[in-house]
Each structure stands twice: as C-alpha cells, then as structure tokens.
Amino acid sequence: MLPPSRRDFVSLALAESRGYTNGKQRRQSCWRKWKQLSRLQRSIVLFLLALMLIGGFALYPSLSPQWGGTHFFLCPVLARQRRGLRKRGPPALQNRLQGRGNSSEVRLKNAFQTCKVFIVLGCLLTLQMSKTFINCCLLVCIAFLFLEESRLEAVREAFRHAWKGYKEFAWGHDELKPVSKSYTEWFGLGLTLIDALDTMWILGLKKEFEEAREWVAKELTFNKNVDVNLFESTIRILGGLLSTYHLTGDALFLEKAKDFGSRLMPAFSTPSKIPYSDVNIDKGTAHPPRWTSDSTMAEVTSIQLEFRELSRLTGDPKYREVVMEVMRRVHRLEGKHDGLVPMFINTNSGQFTHVGVYTLGARADSYYEYLLKQWIQGGKKETELLEDYVQAVEGIQKNLLKRSSPLGLMFVGELSHGHFSPKMDHLVCFLPGTLALGVHHGLPAEHMELARQLMETCHQMYVQMETGLSPEIAHFNTQADSIQDVDVKPADRHNLLRPETVESLFYLYRFTKDRKYQTWGWEILQSFNKYTRVDTGGYTSINNVRDPTSPSPRDKMESFFLGETLKYFYLLFSDDSNIINLDKYVFNTEAHPLPIWPQTD
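A quick note: this is a predicted structure, and the numbers were derived from the prediction, not measured.

The rules behind each value
- Residues numbered from 1 in each chain as written.
- Predicted model: local features only at pLDDT ≥ 70, side-chain atom pairs only at ≥ 80, totals over all residues.
- Heavy atoms only, no water.
- Pairing = 2+ DSSP bridges.
- Helix = DSSP H or I, 4+ residues; strand = E, 2+ residues; numbered from the N terminus.
- Axes fitted to C-alpha atoms, helices over the stretch in contact; angles between N-to-C directions.
- Buried < 20%, exposed > 50% of the residue type's maximum accessible area, 1.4 Å probe, protein only.
- Contact = heavy atoms within 4.5 Å.
- Phe/Tyr/Trp six-rings, centres within 6.5 Å; stacked < 30°, edge-to-face > 60°.
- Lys NZ or Arg CZ within 6 Å of the ring centre and 35° of its normal.
- UniProt positions renumbered as here; feature names shortened; annotations may be inferred.
- Polar contact = N/O pair within 3.5 Å; in protein donor to acceptor, adjacent residues only side chain to side chain.
- Expected span 1.5 Å × (residues − 1).
- Arc of directions from axis to C-beta.
- Bend = angle between axes of the 7 residues up to and from the residue.
- Disulfide = S-S within 2.5 Å.

Participant: Talk me through the sheet that holds strand S3 (residues 227–229); I want residue IDs and the actual numbers.
Facilitator: Reading across the sheet, the 3 strands line up as S3-S4-S5 and stay open at both edges, with antiparallel pairing between neighbours. In this open sheet, the two strands that pair with only one neighbour each are S3 and strand S5 (285–287). For this sheet the average axis-to-axis angle between neighbouring strands, irrespective of direction, equals 25 degrees. Here S3 runs beside strand S4 (residues 278–280); their pairing, made up of 3 bridges, is antiparallel.

Participant: I'd love a proper account of the side chain of histidine 447, names of residues and values included.
Facilitator: Turning to its location among the elements, histidine 447 is positioned in helix H16 (residues 446–463). Under the relative-accessibility criterion, histidine 447 is labelled buried at 3%. If sequence neighbours within four positions are ignored, histidine 447 has contacts with Val393, Leu435 and Val439.

Participant: Could you give an account of the packing of aromatic side chains, with specific residues and numbers?
Facilitator: Tallied over the entire structure, the rule returns 24 aromatic pairs. Measuring from ring centre to ring centre gives 5.5 Å for tryptophan 163 and tyrosine 166, while their planes differ by 35 degrees; the resulting arrangement is tilted. Linking tryptophan 163 with tyrosine 166, this pair stays in helix H5 (residues 133–169), spanning 3 residues, or about one helical turn. Tryptophan 163 gets classed as buried once you look at its relative accessible area, which sits at 3%. Note that lysine 402 overlies the ring of phenylalanine 420, its terminal NZ or CZ placed 5.1 Å from the centroid.

Participant: Can you lay out the UniProt feature "active site" (unreviewed entry) in the chain for me, pointing to particular residues and giving the numbers?
Facilitator: Under the local residue numbering, the UniProt record ascribes the feature "active site" (unreviewed entry) to Glu232, Asp365, Glu472 and Glu500. With respect to the helices, strands and loops of the structure, aspartate 365 is situated in helix H13 (residues 365–377). Relative to the elements of secondary structure, glutamate 500 occurs in helix H17 (residues 500–512). Excluding its chain neighbours within four sequence positions, the residues that come into contact with glutamate 500 are His426, Leu427, Cys429 and Phe430. Side-chain polar atoms of glutamate 500 contact the side chain of histidine 426, separated by 3.2 Å.

Participant: Residues and numbers for helix H7 (residues 206–218), please.
Facilitator: In this model H7 runs 18 Å from its N-terminal to its C-terminal C-alpha over 13 residues, within 8% of the 18 Å that 1.5 Å per residue would give. Those residues of H7 that sit buried are Glu208, Phe209, Glu211, Ala212, Trp215 and Val216. The arc that holds the buried residues of H7, viewed along the axis, is 160 degrees, so those residues lie on one side. Those residues of H7 that are exposed and angled more than 90 degrees off the buried face are Lys206, Lys207 and Lys218.

Participant: Tell me about helix H8 (residues 230–248), and please be specific about residues and values.
Facilitator: Between its first and last C-alpha, H8 extends 26 Å over 19 residues, near the 27 Å set by a 1.5 Å rise per residue. For H8, the principal kink sits at glycine 239 and spans about 30 degrees. Most of H8 sits inside the fold, with 16 of its 19 residues counted as buried. The N-cap residue of H8 is asparagine 229: its side-chain oxygen and the backbone nitrogen of phenylalanine 231 are 3.1 Å apart. Looking at the residues trailing H8, positive phi occurs at glycine 249, about 75 degrees.

Participant: Any chance you could break down the state of the cysteines for me, citing the residues and the numbers?
Facilitator: The final tally for this structure, using the stated rule, is 1 disulfide. With its sulfur 2.1 Å from that of its partner, cysteine 429 forms a disulfide with cysteine 458. Here the S-S torsion is close to -105 degrees, and the disulfide linking cysteine 429 with cysteine 458 is therefore left-handed. Taken together, the residues span a long stretch of sequence, with cysteine 429 in the loop between strand S14 (423–425) and helix H15 (431–440) and cysteine 458 in helix H16 at a distance of 29 residues. Here cysteine 429 and cysteine 458 have matching classes, each one buried.

Printed below as a string of structure tokens:
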C-alpha cells in the first residue's frame, strides 16, 4: 500500500484548494471556465464538436458534386445501407465519368468510417471518465438528435433542388420537364406551385413560400377556358389552397379556394347525381370522358374531404350536400363484394359497371381511404362511413390477401370474376398507413398487425429492385419454388416518384416509433437522389427500376413529388408529433392536411 502522503485523494484535494479564492474576485478566463465543467460536460462538448466536424464535411456539397446533398451525415445505425447486397451503377441521366463516381464513393466511405470512429471514441471516452452507462446513453441521444436534423435538412435540400428546376424552367406552369429544361401543361393553373405551397410552409422554406404566394396573388386566375379533371383538380388545387389557408391563416388562399370550388360545381349536374369527370371552369359546363359515360370510383368518392371543408369555411352547405349525396348513393348500391366496390360507376344510371372486378389499386384506391378519413374529419359521428370502411377491410382480408414465396410476404392482389391475380399496384401502399391511422382512432388492434406486414411488403418492392426504387406495378410469386418474391413485367418497370410507401412509413413511425421505418425511408430518399435527380434542377420519373446503369429518364416531375413525397419524407424523419398533429388534422389523398372538425361542428 502507498504511504498516506501519496494517496490520490490527497493530491486531488490539494489541487482543488489551490483554486479556492476565499471570496476574492478574480478574472474568469475561458480556460478556467472550461476546467470548471464536469468531465461529462467536457466529453459531451468534445463529442458534439467532432460530430459537427464530420457532419459539415459530409454535408458540404462542393466536396463532391455527385453528393449534391444526397449523402448527408450518417451514423452507424445507417451502416446497413451500405451492405452491398447489389451493386448500383450511376444513372444515365447524370452523365458522369465512372472515375468520378468511384472517387465520390471512396470519399463517402471515408466519411462513414470516420463518423464511426468518432462515435466509438466518444462513447469509450465517456465510459472511461465517468464509468457510467447513462452518460454513454446521453451521447447516443445526442447523436440521434443530430441525425434527425441532418435528415430533415436532406429533405429541405432535395426540395430546394426540385424547386430550382421548376423556378428556372417551368415557373407558373403545371409540371417541370427537368431533362429537357421545359414544362408541360395539364390545366394551365400552376399545378406544381399550388401543390407545393403547404410543403414549403411545413419545411420552413419561407423565401420559396413568399415567391409562390406572390405568384398566387398576382398571376393565378381561374378565368380560363380549360377543362379540368374534377378529382385531380380538387385534391391538388382546392385541397392545396384550403390546407395552406389553415396553416398560414392567410385569407388570400381561402378566397382562391372559394372561387375555384364554385367553378367545379357544374360537374354534379347529372341525372344520377354522380359527377362527371371533367368540367370547364370558365364556361361552367361538364362532361364525361369522350370514350365513356362512366366515372371511376376513386374520382367520385375522393373529393369529399375538400368540399365538406369548403362548406364549413364558407357557411354554404351546397358543397357538402353534393358530395355526401354521392356517398349515400354508393352506400346503398348493390354490386359490392364483402364491402369491396367495382372500379366504375355510370353517371347516367348511377349504377356500378364492370361488376366483378375488385382492386385496391388505380381507380378504386382512395375510395377506401376517404371512408375512414371522412369519419375522422367529421368527429367520428357518421356511422355509415365507418361501417363501410370496416366491412371493406374485412373484405380485403377475406378475398385479396395472399403470401408470396420465398419470404412469405403478405400482399394485396386483385379479384376478377372469382379469379385471383397476384398483381399489386404501388398505389396500394397507401393501405398500411390508412390501417394504422384507423387503429390510432380506435379501430381494432389487429388492423395494426396487418399494417406492419403490408409495410414490409411495400418495403420489399423497393429493396428487391436493382435501383432500390419500386416499380409502378408488381406481381408476386406464389409458387413454392420461387427464387424472388417480386416479379416485374417490362411495361410496369417505371417509377413516377410516387409517395404512397413513404406516406405509410410516416404513419407507422408516428404511431410505433420504430426507427426501422425511418431507415427504410432514408434508403428510398437516397435512391431517388441517385437515380432520379437531374443536375440542373428537379427530379425525373424513370422507365426502368431494374437497370441501375440506364434507368432511362421519362423527363417529367409530377406535382405530387413536391406536394406529397417530399412532405411525407420530412414528417417521417421528424420526431415532433406536433408537426401536423394527427389528432387535429387529417390528410387528403394529396397530402394536404385539413382540420378535424371541433365537436361543436
């Protein structure tokens, strides 16, 4: 044993006594303040500085043009993203030399390795100095906070890049053609700009929002001799204006919504009260498509949230009355199969057509979504809507669910006159999120288990593709000797930058807090950046998700990429549940949040 004079605690006491001033005032230097911090505090500060250094290195876009904000600071929990299950080459639309891409990959790997080293050293340092597990946990929490902000900034950067292309080459027009640096018109109403208004507000992009608001105030007019699709213009334009009004309180957007909503009303002047698909917003005339007198079920039953809210804000019941008459008629119609509805309804007779074909994909998908969301919007009072939704979920479970091989993925197929088809549109990936939302609002817990299983399936629709991006349509293998679960026909290999999977990831993460959903979303965002990002601004849909060396750009950025996809990415990566509180808001099918009505309404 050491002599008492050499004991460590005696030396420590002497060191502290020399710092004692007996009440005398003295100048506090920065070094002395630093020394007054506890060991834990000093460790945390040093660890944060190290994280900031590495984060700044990875975030700074000029270090590698190929990154362009694509590969942001990633901590070890994301190492699985580099697992090398498949080798993905650079997209043709980037037109970069192979050597340059390799150099970028090396720098990215170095950033990953350095990041890992600093986090491990930080944890070891804390354990050595404090000897407590709690302090290491604190550092992990700090790392997660930094990770969250990095991902949120990644989404903001992606939006700015998309907005840059739209502003330079398509300002005031409907949609950007990023490769040819031009635009395309659908309605001629600035569709992308209006669709993106509330996204900019939620992301905190004040400068971009003010630019867009000025255009709405000075340039947006509906005095145009143009036919618009009732469904698409309602969910994008009317929904976008109403949502932006609620988020900002700016009456400009409400006035524009009133003007536009009133111009859509002629669509409901049909013998059956089932609306026509198209309406001329200047002449006040409406008509079905040239080739049929049918409307699709999704078109006529997915406009209710917006028209109901317009009635609530204006005090004029006519908007709500016309859309609820549609729901009442559909509720009573024969031709359903265990709550599942056919894809078409005739505007003259008011009857279902093409009876016997049932799908949750295109032309029917949002009917099921809006059953639940109208019930939520109205304060859970409209029992017919709830009954139809619950019965439909039971019909899905009974008729449309099967498992694939070899992984046993649960998927939603289609039914045609008694014949089951293992075809699943990417659009169907709205369903996990809708099921989870229903459970959050008191529906059976078993719906959440189904939501989790379907979420895994939608994730695999991305993972099993060479680009990491889902095809528009997948066919699932059910034979026992299958090698891969997902098969894609050549005509179905395109990706349109759709939001449905990211939307459901957002709901599943918001309600479960399982971080794997954030990780899956981050992988998808990286794939969008790698294969669809155009250097001069914007993102493009692609033709072939199975060819990473030549995905073949389609030269179109859909308005919903800004209106929905990037918005849901941002909400997915945020841990703040008060950003669009789901007890106060319900999203329309274009991701525009509308308020849940107070009980007094």
